[in-house]
Amino acid sequence: MELNPPAAGQGCEGCVGAVLANGLTAEQQAGVDRARAYAQELQQTVFREVLEAERARREEEGGRTASQGPAAAAGVPGLAGGMDARNHSLMSRVYVGSISFELTEEHLQRVFGEFGTVRSVSLGRDAGAGRHKGFGFVEYDVPEAASLAMEVLNGTMLGGRQLRIGRPNNYTAAATQDFPPPPPERIYVANVNEAIGEDVLREIFAPFGDVRACVLAPDHVLRRHRGWGFVEFADPAAAEQAALAMNGFQLGNLVLRVRRCVVGGPLGDGMAALGADSLVPPPPPQAVQPPQEVIDVAATINQSIGAGTASASVPASAPALAGSAVVLLENVVGSRADVDDELAADMAGEGAKCGPISRVVVHIATPAELAADRLAGEVCIFVQFAEPAAAASALELFDGRWFGGRRVAARLFDADRFRV
């Protein structure tokens, strides 16, 4: 549409020099009127067309992002299957309450990152107190990660307080919306060591049944996988058995988190999307000969990538240590600078729930001890119980428990070496 703005110097015939009540001459008033009419015409035509074009462009880009963009390419089946991005986001979010005021977003990022990639951590802020309000939300890339976090961490002690984890208030509405149904033969796997590739992960799960697909979500920036993915079997029964058996299994010095899928959709290309220059190393040279048990496969993989402790593939109650009354606690603190006078007392107080304690020793390991015992860090805490049965109970109490934002590892220690 062609517009005609008021021309400079254009007057009003027959009223030149006349002064109106508002102090303007008739000629000036006519110019003002024409300017207003021109502005209104712009609002009704050109500006509206520009706004509509911009809105259409954003909607088009949003549609591409939900179905074809980086999220789908990175292995998010729900979005790739056409699920509404807002509902997907809501299903991938958990509410976290009873958060210790000493914890920060970074602490929660580390704790919750065990179940999948954390997109965001938002804590309600108290401006007057200058701290968070003790609650917030954690959002993941996929709904499966949110479900795992809620199942595992709800009721867990963190920073001296018991976490309360649930769904946001508007979760029910999102969950009832149409979304790709979860295939019963597919499982979600998280907390995968970066040295474990798709071929190795497939090999680990193969003893449960025929694996039709195994994909890890690629990171296009770092050129490696993002620590989570999906394994799909030919038989739903195999998927159910694998989810039950492998959840909590230690592989590559990390604890696998496994569950059944929440939503369906195409799996995508996985690491193949990165091309031939992926940084994920090839499978270890040792070939696994069926019908080896999955525990044997894991032990081979752990050895090939230098997994931290023998307990990653060998149960702590191995025959050589079954009668020991000494428990070694690792990863309780980060370094010797974090050791204080209350550390031993705290461990003694918790350990006393399992039985009488003879003594608690906080030891700073030497480089030789770090190498000889495959210790996870320089700070080792030894808890000696009066009876081996109490030590066995302490393993269940301490191992995998969160303390001050760190996940504690517990194992039995040779009592004869402890006395030395």
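Residues numbered from 1 in each chain as written. Predicted model: local features only at pLDDT ≥ 70, side-chain atom pairs only at ≥ 80, totals over all residues. Heavy atoms only, no water.

1. Observations concerning the sheet that holds strand E7 (residues 186–190)
Stated formally: DSSP calls a pair of strands paired once it identifies at least 2 bridges connecting them. To qualify as a helix, a DSSP run of H or I must reach at least 4 residues; to qualify as a strand, a run of E must reach at least 2; elements of each kind are numbered from the N terminus. Here, axes are lines fitted to C-alpha atoms. For helices the fit covers the stretch in contact, and angles between N-to-C directions go from 0 to 180 degrees.
With respect to topology, 4 strands assemble into an open sheet ordered E8-E9-E7-E12, the strand pairing being antiparallel. Edge strands, defined here as strands with exactly one partner in the open sheet, are strand E8 (211–219) and strand E12 (257–260). If you compare each strand with its neighbour and ignore which way they point, the axes differ by 20 degrees on average. Both E8 and strand E9 (residues 224–233) contribute to a ladder of 7 bridges, which runs antiparallel. Bridge pairing in E9 places Val211 opposite Phe233.

2. Some remarks on the sheet that holds strand E13 (residues 326–330)
Under the convention used in this document: For this analysis, residues touch if any pair of their heavy atoms sits within 4.5 Å.
On the basis of which strands lie adjacent, the open sheet formed by 4 strands has the order E14-E15-E13-E18 and antiparallel pairing. The strands lining the two open edges of the sheet, one partner per strand, are strand E14 (357–364) and strand E18 (409–413). This sheet shows a mean twist of 25 degrees between the axes of neighbouring strands, independent of strand direction. Across the sheet, helix H12 (residues 343–351) is in contact with E13, E14 and strand E15 (379–385); its angle to E14 comes to roughly 140 degrees.

3. With respect to the pattern of salt bridges
Rule in force here: The working definition used for a salt bridge is a side-chain nitrogen of Lys or Arg within 4 Å of a carboxyl oxygen of Asp or Glu. Here's how the labels work: a residue is buried when its accessible area is under 20% of the maximum for its type, exposed when over 50%, partly exposed in between, all with a 1.4 Å probe on protein chains only.
Evaluation of the coordinates by the stated rule reveals 17 salt bridges. Measuring nitrogen to oxygen at the nearest pair gives 3.3 Å for the salt bridge that ties Arg119 to Asp141. On the criterion of sequence distance, the pair formed by Arg119 in strand E2 (residues 118–126) and Asp141 in the loop between strand E3 (131–140) and helix H7 (143–153) is long-range, its members being 22 residues apart. What makes Asp141 buried here is its relative accessible area of 7%. A salt bridge links Arg212 to Glu232, with the nearest nitrogen and oxygen atoms 3.1 Å apart. Note that Arg212 is positioned in strand E8 and Glu232 in strand E9, a separation of 20 residues in sequence. Looking at Arg212, the relative accessible area reads 46%, which means it is partly exposed. Residue Glu232 is classed as buried on the basis of its relative accessible area, which comes to 11%. Each of the salt bridges in this network shares a partner with another, and the network as a whole consists of Arg93, Arg119, Glu139, Asp141 and Arg226.

4. Regarding helix H9 (residues 198–205)
To keep it simple, the criterion reads: Our arc is simply the arc of the directions from the helix axis toward the C-beta atoms.
Where H9 is concerned, the buried positions are Glu198, Val200, Leu201, Ile204 and Phe205. An end-on view of H9 places all buried positions within 160 degrees of arc, on one side of the element.

5. A word on unusual backbone geometry
For Asn191, which is not a glycine, the phi torsion comes out positive at approximately 65 degrees. Here Asn191 lies in the loop between E7 and H9. The class for Asn191 is buried, based on a relative accessible area of 15%. Located in the positive-phi region is Asn331, a residue other than glycine, with phi close to 65 degrees.

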